[in-house]
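Coordinates in review
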Amino acid sequence: MKYKTIFIDWHGTLSNSRFWDRWAKDVDKQHLHQQAQYALFEDAEGLLILKDWMRGLRSVDNVISYLHDATGIPAAELEGELRYTSENMAFINHDVVDRIETLRSMGAKVLIA
């Protein structure tokens, strides 16, 4: 095998699922989704916190605390929805799991980032 380690991006490559995404589909909760998305993806501080979280430099508690402070959404509600959306993320294509296993059986280390 030509490559010893293969990095595969999770978001947009393996999955289109996003944290707190279920709120976007609920008319009564869409405003919560918009607030959380703005705080994490459009606010400069939120972008730094998100980047650090994805690199393992911040805990989920740091993210929940920031989002609570930035949006006023109760921390317990943010945490519960984060847990739900994390547990229910879906692959774009389920065949990818078999392909990753094939690469591993050929001796490659496959890292999902």
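Here the structure is a predicted model, which means the values were calculated and not measured.

This brings us to the environment of Arg18. Along the chain, Arg18 turns up in the loop between β1 (5-8) and α1 (30-41). Assessed through its relative accessible area of 29%, Arg18 is described here as partly exposed. Between the C-alpha atoms of Arg18 and Met89, which are 71 residues apart in sequence, the distance is 7.4 Å.

Attention now goes to the packing of aromatic side chains. One pass over the full model with this rule turns up 3 aromatic pairs. Judged by centre distance (5.1 Å) and plane angle (40°), the ring pair of Phe19 and Trp53 falls under tilted. Within this pair, whereas Phe19 is found in the loop between β1 and α1, its partner Trp53 is found in helix α2 (residues 44-54), the two being separated by 34 residues in sequence. Connected via pairs of aromatic rings, a cluster forms that spans Phe19, Trp20 and Trp53. Just above the ring of Phe41 sits the side chain of Arg18; from NZ or CZ to the centre is 4.3 Å. When the ring centre of Tyr84 is taken as origin, the NZ or CZ atom of Arg22, which lies over that ring, is 3.6 Å away.

Conventions we followed
- Residues numbered from 1 in each chain as written.
- Predicted model: local features only at pLDDT ≥ 70, side-chain atom pairs only at ≥ 80, totals over all residues.
- Heavy atoms only, no water.
- Helix = DSSP H or I, 4+ residues; strand = E, 2+ residues; numbered from the N terminus.
- Buried < 20%, exposed > 50% of the residue type's maximum accessible area, 1.4 Å probe, protein only.
- Phe/Tyr/Trp six-rings, centres within 6.5 Å; stacked < 30°, edge-to-face > 60°.
- Lys NZ or Arg CZ within 6 Å of the ring centre and 35° of its normal.

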